[in-house]
Amino acid sequence: MCEKKPHSVQTFHCGRSALLSLCVFLLPLFLTLFAHNASAATASKEKVNSLCPVIDDNATQYNKPRAFTKSDQGNTEIGADATMSSGDGTLSLDGNVIIEQHLLRVSADHANYNKQEDTLSFSGNVHIDTESISLDANKGSVDMNATNEKNNKQGNFSDVTFFIPDNNLKGIAKNIVISDHEGKNTTSTLKDASITSCNLFDPDWLISADEIKLDHDDEYGTADDVVIRFKGVPFLYTPYIEFPTSDKRRSGFLFPEIGTSSSRGIELAAPWYWNIAPNHDALIVPRYMDKRGIELGGNYRYLTKSSEGTLNGAYLPNDDVTQDTRYQVRYQQHTRLLSNLTLDVDLQDISDAEYLNDFTNDLSSTSQTHLNRSANLHYNLDNWHLRALLQDIKTIDTTTPLNTRPFERLPQLTLDGDTEIANTPLLFTLDSEYVDFTHEDETLTTGTRLTLRPGLRLPLSGPFWFLEPAVKFSHTQYDVGNNIVSSQAVDNRNLPISSIDAGLFFERTLENGYQQTLEPRLYYLNVPFEEQNNTPIFDTSIPDFSVAQLFRDNRFIGGDRIGDANQLTLALTSRILNTATGVELIRASIGQIFFFENRRVSLDGNIDTGKQSDIIAELDTTWGRWQTNVDLQWDTSNNTLSKENYFLHYKSDKSHLFNIGYRKRLIDNDIDIEQTDTSFVYAINREYNSFFRWNYSIHDHQNIDIIAGISYNSCCWSLQLLAQRRLLNTNSTTDNDAFDNSILVQFRLKGLGSLSGSKARKTLERSIYGYSDTLQ
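A brief report on the enclosed structure follows. (Residues numbered from 1 in each chain as written. Predicted model: local features only at pLDDT ≥ 70, side-chain atom pairs only at ≥ 80, totals over all residues. Heavy atoms only, no water.)

Structural notes on the state of the cysteines
Then comes step 1: The final tally for this structure, using the stated rule, is one disulfide.
Then comes step 2: Cys198 shares a disulfide with Cys716; S-S distance 1.8 Å. Taking the sign of the S-S torsion, 90 degrees for the link of Cys198 and Cys716, the bridge is right-handed. Here Cys198 is found in the loop between β9 (184-196) and β10 (205-215), whereas its partner Cys716 is found in the loop between β40 (702-713) and β41 (717-727), with 518 residues between them in sequence.
Then comes step 3: Taking the relative accessible area as the measure of exposure, Cys198 reaches 3% and is therefore buried. (Disulfide = S-S within 2.5 Å. Helix = DSSP H or I, 4+ residues; strand = E, 2+ residues; numbered from the N terminus. Buried < 20%, exposed > 50% of the residue type's maximum accessible area, 1.4 Å probe, protein only.)

Below you can see the structure in the form of structure tokens.
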């Protein structure tokens, strides 16, 4: 005899109800469905785009389930307008059936539990909400009896629609079957399934499959007869695919990459991801280039407790254009051997000087002239730093004369630091170096150089001033020769270096509450002259003049020359600070060196008789959406600006930014560089964005890099189309051969990722200052 009860809500502890078993059984399915759709292509969570409607009447509606208190998280609440039970254990729930557990809600018009068959069925407006997904079904049943043919518990839901709010993905399936084998090997099978992030019943794009199988334990899935449609037109089909259903990595093919350029023709790449181990993986990329042939590239990554590294490379066995083997390879490693001992390795090589021109779209790469190859061991102990370096710098252009190429350092050992002298305000300082220089040109002088530079420094300061006198003694000795003379006499060099650095700090509060500082600074340097013309030059050069250069104790970089000096630097810096945030809004500096004696030490044997240096000035501002940088160098001998750098940046948001820059440099009063660089990103409306970059050489009357493009960004897909014309770093005399023209495309399905690679996005991010393309 059945007993009818009015609407009631009952709470069960975990394990005491077949309905709760359903909740426990279904929750992993819905969490896994979310991971499947969100990461099948990109393994990343993309947020709902602001262009999407808040509510899609055609989609499953999501209502986030309640989060139970910690003490109640093992309970299940069941409510219905009416319940009926019988003596055989059959239980029926009718009208507004709601079953709730922590972060899980199941509702239906009717629910029925058959104790004899151990089955639970739902019908009428079945709706399920989890923390990550919502699901609607016409009806469903769960067989809790594990005595069937396959010893599985099974759930079966028909006419299913689902919605994943985190990435706005919606889907439908004719049928979902869930199987659970004794709590292990849980699988789900979706029949006639489709998914999109557009309007579910009028989608711009749709992915359909005859059957999708999900393995929730191994966290991967397979799909048969997959078709991707755009605007109703099928444009991609695969009979079978495998994909991850969580952030857990799994081997398999990624979306193909496409593009075109004048140097490579049409490009098509099919990346394959290899999940070797939890801390090792690789990406293998076969690439077809219409004009060049088939290239095999990729990268390998590893991570251990103390080390991480990458190996990148590409190999083209026979370039159809040059008929040569072309390749590029680079290995980088960072290892922490001890808490204060690290090893960094950087090894790279390319086949020829034109490789970067022919196979990259990055202007900074094509202008690269040398490749660093080094192994660097660092040891730090308090204020002391020890370094051991092995370095070989490869010159990319093989036509460069041998005698002008860099020396190898095999090895270079350095020790530097400072320490307080007990019971005194003095600091003891030491800069030391031992380096063995070798060279591929056997006619050049090679050998070792030892430098020891102990010193004393007395740092004194107060609230509005500082004073720091310092003395150093520099000792340098060589053991050098060449293939003609095994040993070449070079006198030891011993020089005292003395300096006084002093400055004042003045500050005032402006009417707007900001703080302005005025910071005059004096730096006196004295180094006696010593003849150094017979000393070889291994690694020494003169750096570009800058504000920092005003306060260095040697006008040369490298240890082969120490400049004689009797000079005084006068500099002034003023800053405006936001006292509430500490942000530096404006920083302006100007300075000049006054010489009391001629500078007789040089690289070319000439004597510099000037009485003052060029005037150097820098201005940096950050004010709201605006940012400016100005660097000026005034040539006092010729009364002209020898260096000018101007840069203006404006950014109101990621879709509205503007950059304009101008730089000019004179050498011996002749123009060496004069360029402009203009770029912008401008949103035409909510859907369309425009991109532009123009780098132009005024001196050469030649374009360096031009990028123009447009993007369309809808609720559920986006398209980025760029055209680039880039000057090659080449000696070609014909205009057509001097440029590479390319078309870059990025087509993204929201929620799944790019179907054409990421070259367009990366090119814009490298070329337009301040631009970043966030996945939306």
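Considerations on the packing of aromatic side chains
Then comes step 1: Counted according to the given criterion, the structure contains 22 aromatic pairs.
Then comes step 2: Between Tyr688 and Tyr712, the ring centres sit 5.0 Å apart and the planes meet at 55 degrees, which makes this aromatic pair tilted. In this pair, Tyr688 sits in strand β39 (residues 688-697) while Tyr712 sits in strand β40, placing the two residues 24 residues apart along the sequence.
Then comes step 3: What makes Tyr712 partly exposed here is its relative accessible area of 22%.
Then comes step 4: The ring of Phe551 has Arg521 sitting right over it, with the charged end atom 3.7 Å from the ring centre.
Then comes step 5: Arg725 extends its terminal NZ or CZ atom over the ring of Phe739, reaching a point 4.1 Å from the ring centre. (Phe/Tyr/Trp six-rings, centres within 6.5 Å; stacked < 30°, edge-to-face > 60°. Lys NZ or Arg CZ within 6 Å of the ring centre and 35° of its normal.)

A short note on the pattern of salt bridges
Then comes step 1: The full count for this structure, using the stated rule, is 42 salt bridges.
Then comes step 2: Residue Asp349 pairs with Arg373 through a salt bridge whose shortest N-O separation is 3.8 Å. Highlighted residues: Asp349 in strand β21 (residues 341-350) and Arg373 in strand β22 (residues 370-381), separated in sequence by 24 residues.
Then comes step 3: Note on Asp349: relative accessible area 18%, which makes it buried.
Then comes step 4: Through salt bridges with shared partners, a single ionic network connects Arg66, Glu77, Glu100, Arg105 and Asp129. (Salt bridge = Lys/Arg side-chain N within 4 Å of Asp/Glu carboxyl O.)

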